[in-house]
Each structure stands twice: as structure tokens, then as C-alpha cells.
Amino acid sequence: CSTSGKWAVKWDDSRNWLAAMRMLQNSEEDKLEVTWVGCVDAFKFEKEEIKEIEEELKKHNCVPVWIEERKLRQEFFHGFCKKVLWRLFHYVMPQADPDFGKKWEKRWEAYIQVNKLIANVVVKTASSSPENAAIWVHGYPTLLVPEFVRAALPLSKLGVFIHTPWPTTDVVRCLPERVRIVQAMLSADIVGFHTYDYARHFLSACRRIGGLDFTTVEGGRLGVQTQSGRTVLVEISHLGINSVFFHDLAKGEEVKKMVAAAKAEHKDRQIVIGIDHLDLVKGTLIKLQAYHRFLETHDDWKDRVVLIQVLLPSWNPPEEQKQIRASVFSVVKSIKENFGPGCIKLIDAAETNLSVNQTIAYYRAADAALVSTFWDGLNLVPYEFTASQDPERPGVLILSEFMGCSRSLSGALMVNPWSLQDVADKLHTALGMKLSARKAQHAKRGRYVLGHTTQRWARKFLEDLDCAKSLQRDLSFVHVERGAGINDLVGF
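In this text the structure is predicted, and so the values were computed from the model without any measurement.

Here is what the cut-offs are and how they apply
- Residues numbered from 1 in each chain as written.
- Predicted model: local features only at pLDDT ≥ 70, side-chain atom pairs only at ≥ 80, totals over all residues.
- Heavy atoms only, no water.
- Helix = DSSP H or I, 4+ residues; strand = E, 2+ residues; numbered from the N terminus.
- Rg over C-alpha atoms; globule rule 2.2 N^0.38 Å.
- Buried < 20%, exposed > 50% of the residue type's maximum accessible area, 1.4 Å probe, protein only.
- Contact = heavy atoms within 4.5 Å.
- Areas by Shrake-Rupley, 256 points an atom, 1.4 Å probe, with all protein chains shown as cover.
- Lys, Arg positive; Asp, Glu negative; His and termini not counted.
- Charge placed at Lys NZ, Arg CZ, Asp CG, Glu CD.
- Phe/Tyr/Trp six-rings, centres within 6.5 Å; stacked < 30°, edge-to-face > 60°.
- Lys NZ or Arg CZ within 6 Å of the ring centre and 35° of its normal.
- Axes fitted to C-alpha atoms, helices over the stretch in contact; angles between N-to-C directions.
- Parallel < 35°, antiparallel > 145°, perpendicular 65-115°, else oblique.
- Nonpolar A, V, L, I, M, F, W, Y, C, P; charged D, E, K, R; others polar.
- Pairing = 2+ DSSP bridges.
- Left-handed = near helix turned anticlockwise from the far one by under 90°.
- Polar contact = N/O pair within 3.5 Å; in protein donor to acceptor, adjacent residues only side chain to side chain.
- 1 Å grid on protein atoms, 1.4 Å probe; cavity = no way out; pocket = protein on both sides within 12 Å on 5 of 7 lines; lining within 4 Å.
- Points joined across faces, edges and corners; volume = space filled by probe spheres on them.
- Salt bridge = Lys/Arg side-chain N within 4 Å of Asp/Glu carboxyl O.
- Core = buried A, V, L, I, M, F, W, Y, C linked by side-chain atoms within 4.5 Å.

Trainee: Mind showing me how you'd approach the overall build of the protein chain here?
Mentor: Secondary structure summary: the protein chain contains 18 helices and 16 strands in total. Since a compact globule built from 492 residues should have a radius of gyration of about 23 Å, the 24 Å found for the protein chain is in line with a globular shape. With 492 residues in all, the protein chain has 55% of them scored as buried. Put simply, 75% of the contacts in the protein chain that link residues at least 6 apart link residues at least 24 apart. Of the roughly 21900 Å² that the protein chain leaves accessible, carbon and sulfur atoms contribute 50%. Averaged over its 64 positive side-chain charges, the protein chain has a centre that lies 2 Å from the centre of its 60 negative ones.

Trainee: Even after reading the chapter, I still don't get the packing of aromatic side chains, so can you show me in this structure?
Mentor: In this description, a pair of aromatic rings is defined by centroid distance and the angle of the planes. For the coordinates displayed, the defined rule picks out 31 aromatic pairs. With 6.4 Å between their ring centres and 40° between their planes, Phe294 and Trp301 make a pair best called tilted. Trp301 matches Phe294 in its accessibility class, with the two residues each being buried. With centroids separated by 6.3 Å and ring planes inclined at 70°, the aromatic side chains of Tyr363 and Phe385 adopt a geometry described as edge-to-face. You can see Tyr363 sitting in helix α14 (residues 356-365) and its partner Phe385 sitting in helix α15 (residues 381-388), a full 22 residues away along the chain. In this pair, the class of Tyr363 matches that of Phe385, namely buried. Between Lys82 and the ring centre of Trp86, over which it is positioned, the NZ or CZ distance is 3.8 Å.

Trainee: Would you take a moment to explain the packing of helix α12 (residues 284-297) against helix α13 (residues 318-339) for this structure?
Mentor: The contact between α12 and α13 brings their axes to 9 Å, and the two run at 10°. One way to sum up the angle between α12 and α13 is to call them roughly parallel. Two secondary-structure elements touch here, α12 through Thr284, Leu285, Leu288, Gln289, Tyr291, His292, Leu295 and Glu296 and α13 through Ser327, Val328, Val331, Val332, Ser334, Ile335, Asn338 and Phe339. Residues that form the contact of α12 with α13 fall into these classes: 9 nonpolar, 6 polar and 1 charged.

Trainee: Sorry, what's going on with the sheet that holds strand β11 (residues 344-348) here?
Mentor: The strand order β11-β10-β9-β12-β13-β14 describes an open sheet built from 6 strands, whose pairing is parallel. The outermost strands of the open sheet, each flanked by one partner alone, are β11 and β14 (413-415). Geometrically, the sheet is characterised by an average inter-axis angle of 20° between neighbouring strands, direction not taken into account. As paired strands, strand β10 (residues 305-312) and β11 are joined by 5 bridges and run parallel to one another. Paired with Ile308 across the strands is Lys345, a residue of β11.

Trainee: Is there a simple way to think about the packing of helix α5 (residues 100-126) against helix α6 (residues 145-152) in this case?
Mentor: Any two packed helices are characterised by how steeply their axes cross, that is the angle between the axes, and by the distance between the axes. The N-to-C vectors of α5 and α6 enclose an angle of 40°; their axes lie 8 Å apart at closest approach. It follows from the interaxial angle that α5 and α6 lie oblique. Of the two elements, α5 crosses α6, and the hand of that crossing is right-handed. Here Ile112, Asn115, Lys116, Ile118, Ala119, Val122 and Val123 of α5 come into contact with α6, specifically with Val145, Phe148, Val149 and Ala152.

Trainee: Please explain the side chain of Ser400 as it appears in this structure.
Mentor: Of note, Ser400 is situated in strand β13 (residues 396-400). Overall, Ser400 belongs to the buried group, its relative accessible area being 0%. Among the polar contacts made by the side chain of Ser400, one reaches the main-chain amide nitrogen of Phe402 at a distance of 3.1 Å. Every residue in contact with Ser400, bar those within four places of it in the chain, is listed here: Val371, Ser372, Thr373, Phe374, Ser406, Val415 and Pro417.

Trainee: Before we go on, may I ask you to explain empty space enclosed by the protein in this structure?
Mentor: Rolled over the atoms, a probe sized like a water molecule indicates the empty space that remains. For the coordinates displayed, the defined rule picks out 2 cavities of 30 Å³ or more. Taken as a whole, the largest cavity holds about 50 Å³ of empty space. Of the residues in the lining of the largest cavity, the class split is 7 nonpolar, no polar and 3 charged. For the second largest cavity, the calculated volume is near 30 Å³. Around the second largest cavity, the lining residues are Ile273, Gly274, Ile275, Tyr363, Ala369, Leu370, Val371 and Val381. Among the residues forming the lining of the second largest cavity, the class breakdown is 7 nonpolar, 1 polar and no charged.

Trainee: I'm lost on the pattern of salt bridges in this one. Help?
Mentor: Where charged atoms of side chains with opposite charge meet at close range, the side chains can pair. Here the structure, examined in full by the defined rule, presents 30 salt bridges. Taking the shortest distance from any N to any O, the salt bridge between Arg221 and Asp464 comes out at 3.0 Å. Here Asp464 lies in helix α18 (residues 454-470) and Arg221 lies in strand β7 (residues 221-225), a separation of 243 residues in the sequence. Among the residues examined, Asp464 registers a relative accessible area of 2% and is labelled buried. Here Asp376 makes a salt bridge to Lys282, at a shortest N to O gap of 3.0 Å. On the criterion of sequence distance, the pair formed by Asp376 in the loop between β12 (368-371) and α15 and Lys282 in the loop between β9 (270-277) and α12 is long-range, its members being 94 residues apart. One connected set of salt bridges, linked through shared partners, spans Arg150, Asp189, Arg230 and Lys469.

Trainee: Before we go on, may I ask you to explain the nonpolar core in this structure?
Mentor: Within soluble globular proteins, side chains that are nonpolar tend to cluster in buried spots. Judged by nonpolar contacts, the single largest core of 63 residues is most densely connected at Tyr111, Trp166, Met185, Phe193 and Phe202. Top contributing element to this core by residue count: α5, with 13 residues. Trp36, Ile50, Tyr383 and Leu397 belong to the second-largest nonpolar core, a separate cluster that totals 62 residues.

Next comes the structure, spelled out in C-alpha cells:
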């Protein structure tokens, strides 16, 4: 709400990759007309406010999908998305939730209902020119959307990109509606993943769950051959960042002053930066335990290093975030009691508003970044750190070998986040690394980060979507998935 009492809409900063997709409509090279469709909680607003918000969103080419009931939103997002799919896709098995089976039907129905709502708005938005529109569906909350869109717009160009890990088939098979989910995704013309491992697991799921074989098409691309003869391409391409945004801000005067202030605050100490969301799969707790181990085994560092750990809020249920926060605070207290208050600084974003410039300043001031997430399909902190660093005096990136970006970023020290000693040893290596070695590592990953931007990633996916659609041109029908074992053939 603005100071005038009216609702106002503004874009998130360029750290948000969805907001950064505006470049596709602003650049001379692309000049695309981009429309964003996403969910908004209607129950948070008065009826007269909804029309006002719609008009404001329209100015930014954004179309809301209104979720009318608080209970529906709860079952869909915190129930199915976060407690079922998010956990399972990050290898947290159903037995971790004693109510998994009992609550499955209600959560699943909510997931279907919201996916239908999203698909209906997408269809309405694209219906003026369905054959020319490229419909791009993102993320695990919308896995059924391709099925509903394809049924309404059988000739549309339709792509899906999954930003989480796609686990092994034995994990996916735990889902009671695994066949429906895989078939719905195959209603698209192309399905994208960040790494080859995730794509390979998806191909395995298509074979073992759907009985479908993978194939190769011209150019060496991978695809899945459906029962009707359609070929659905499988894309492997890691999302980048708006690297110029970070690179330019990092050289600005305001950031320079913040860097100097951070170094002065932690005088005579090397700085290690860590930024994590309050989520079990981010591994913040075990990272701090590894830092405790590092200070135990390398006592000479306790007065020469500081870990600046930033805690960001997540989309997880508040009670879960509260538990994680309490555990983190407990380990931080132990570190301060055993090794002194100066060796760690905790910044809780719930209490301290950390600006973009301040974040970049911490990146630039850091001698090392420790990103030791358990499982992560999309984590752009390593990219942001790299783009923000001074190439003449860069820090060292320590990266979990289980993160999606570990396959793309060479020039980093890889760790097993579950091994406290491995993380402790790599910290010792990083903090003692010579400048020449740091510069060589930074140059390797810097070239990749600066070259593989959000815009390049999006442009490549849309080009491959055109290619995927061209594979269907010789068919006299479109195969529309309508749920497990029920299919339609739509002629044209």
C-alpha cells in the first residue's frame, strides 16, 4: 500500500530471476511481449481492493490467479507443495511426516484445484493467439498445469522448467499419484532441468513409472517418446543471474563504503560469508557445527576469522522456521562461549533489513563464501558472490557437491556438507590459499557467471521450445494427457 492509501505495485530487484525476465521485453535483441501469471491470496483483501490491485498489476503485464479461501491456500502451498513435493524432491521421505497418508487426499485435491485455477487464467491470457503464444510453466507447484493447458489449447507451444532437484525414481515412486504427475509434465513440448543428473532421473521416471523410452533427436538432444508418437524434449540448462547488475553495483561508491565499514568492524579477521534461507535442506545448522569443528581443530584461527551468517526467511511453515532458528541460535551461542564473540556474527533478516547493496558489500568484503546446502536445484548465492567479488583480490568459494550449480561452477572447493571434518578442512584450505590461486579459481567461475546470464538462459530455452514444437508439425493429432491412463487425441 502506498502513502496515499492506494495499492501500488513494483518489481522486486534484479536479484529475483523472475523479475529479471523483464529484460526479454526491454532488450533490442528480444523485444518479446511477456505476461506473468501467478497466485495472489484474495482473502487478504477487501473485495473493492481486488479490482484496484488487478489494474495496478496490469500496468506491469501481470495477471493474478486469485485464491479465494485461506484453507485452500494452506492445503495447496504449506500442505502439498511444501510438506509433500518440496520435501520429497529434496530426499526427505514420507515417513518424516506421520500424517502423510492421512492427509494425502485433501492436499492432492487442493493441488489439483489450484493448478486448474492457474491453467484457466493462462488459457484465457493466451487464447487471443494460442498458436503464437509460448507458455512457460515454472516449478514444482504447477506440475499439473501443462495437462490442463494442453487440453484447452492443443496447438500451443508449452514448456516446463523444474527449479528443484528431480530425485531418483525410487523416491518419486513414493508419490501415490506419480503416474499422473509424470504424464501431466509430458503434456508439455519440453521439460527443463538445471543439471544432467536431474534430467537423467526424470528420464528414468518416465521409463519405470510411465513405461516410456527416451530417444535422441537431431542435434543430440534428449527426448521422451510418448505412446502417441510425440517427442517431448528434455532440456539441461542452469539458470544464471543478472551478473552485470551485481558487477556494476559492487564497484559503486556506496558499496565501497560498506565494504570498508565491514572490514573495519572485523579488523584483523578474515571474513567468511554464508547466506541461507530458514529451511531444513539448506543445512545451516550442520554448517555452523562444521564451523565449530574448524575452530576446535584450528585453534589459531579463533582470533583471525569471523563467519557472517545471514538467515533469510523461507516459504516454509512459520513453526518450522521457528524451530530451525532456535537450533541455529543455540549453536551460535555455543561458538561464542567456546571461542569468543568476535568469531561469528549472525544477521537475522526477520529483524534486520539487509539491503541489496549491503549484501553485495558482504560478498565483496569476504575472503571466502561457504554454501553447504544439502540438496539444491536453484541457489544463486554462489553466482552473486562471484559477480560481486574484486577480480584482483577475490575470495574462495566453498560449495556443496550436492548443489545443482556445483556442476556448472568450476573454480570452487567442493565439500560433502554432511562431513563436519571435510567442511572444516576446506575452510582451512580456503583461508590459507595464496592470492594467485584465488585469482585463478575466480577467473574460471567468473567467465561462466558473467557469460551465462538470466537473459541468455531464457532465450536458449525459448529457442529450444520452438525446436521442440517443430517436432510435432508432421503429426495429424495432438496427444492430450487427461490423467492416469486416460488420453485424448485431438485432430487438426
